[in-house]
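For reference, the chains in residue letters:
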Amino acid sequence: MAQISRHLTIHGRVQGVGYRDWVQREATARQLRGWVRNRRDGTVEAVFSGSEANVEDMIQACWEGPAMARTTEIEQAPCAVPEETGFTMLQTL
């Protein structure tokens, strides 16, 4: 099965609503590697790496997010496979 990695910048009401915790749970459930963090500009940044089907499914799920979130835009680009195993939450950048 093809493995891909994507870097996302997620815009909208995505901070202060549990978005990072939700992403970490959902990505782990999909057996993805990568990370998620808040950015000072109000966006959430994430890297997802895994099977193409699971990464694409996670990207689609990011449009919904947790109950209080409202995603308005998702920028995405291919990226390198993260060195870390598992899925982690990073400090705000």
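Because the structure is predicted, anything quoted here is derived from the model rather than measured. (Residues numbered from 1 in each chain as written. Predicted model: local features only at pLDDT ≥ 70, side-chain atom pairs only at ≥ 80, totals over all residues. Heavy atoms only, no water.)

Moving on, we come to the UniProt feature "domain: Acylphosphatase-like" (unreviewed entry) in the chain. With numbering matched to this structure, UniProt assigns "domain: Acylphosphatase-like" (unreviewed entry) to residues 5–91. Counting secondary structure, residues 5–91 comes out at 28% helix and 40% strand; the distance between its end C-alpha atoms is 21 Å. (UniProt positions renumbered as here; feature names shortened; annotations may be inferred. Helix = DSSP H or I, 4+ residues; strand = E, 2+ residues; numbered from the N terminus.)

On to helix α2 (residues 52–64), then. For α2, spanning 13 residues, the distance from its first C-alpha to its last is 19 Å, which sits close to the expected 18 Å at 1.5 Å a residue. For α2, the set of buried residues is Val55, Met58, Ile59, Ala61 and Cys62. Each buried residue of α2 lies within a common arc of 160° when the element is viewed along its axis, so the set occupies one face. Exposed positions of α2 whose direction lies more than 90 degrees from the buried face are Gln60 and Glu64. (Expected span 1.5 Å × (residues − 1). Buried < 20%, exposed > 50% of the residue type's maximum accessible area, 1.4 Å probe, protein only. Arc of directions from axis to C-beta.)

What follows deals with the UniProt feature "active site" (unreviewed entry) in the chain. As recorded in UniProt, the sites labelled "active site" (unreviewed entry) are Arg20 and Asn38. A maximum C-alpha distance of 7.5 Å is found for the annotated residues, which run over 19 residues; spatially they form one tight group. Along the chain, Arg20 falls in helix α1 (residues 19–29). Exposure remark for Arg20: the relative accessible area of 25% places this residue in the partly exposed category. If we ignore the near neighbours within four places in the chain, the residues touching Arg20 are Val36, Arg37, Asn38, Met89 and Leu90. One can find Asn38 in strand β2 (residues 33–38). (Contact = heavy atoms within 4.5 Å.)

Another aspect to go through is the packing of aromatic side chains. Scanning the model with the defined rule gives two aromatic pairs in all. Where Tyr19 meets Trp22, the ring centres are 5.6 Å apart and the plane angle is 55°; that geometry is what we call tilted. Of this pair, Tyr19 and Trp22 are both found in helix α1, three residues apart, which corresponds to roughly one turn of the helix. Between the aromatic rings of Phe48 and Phe87, the centroid separation amounts to 5.8 Å while the plane-to-plane angle is 20°, which identifies the pairing as stacked. Here Phe48, found in strand β3 (residues 44–51), pairs with Phe87, found in strand β5 (residues 87–89); they are 39 residues apart in sequence, far enough to count as distant. Among the residues examined, Phe48 registers a relative accessible area of 0% and is labelled buried. (Phe/Tyr/Trp six-rings, centres within 6.5 Å; stacked < 30°, edge-to-face > 60°.)

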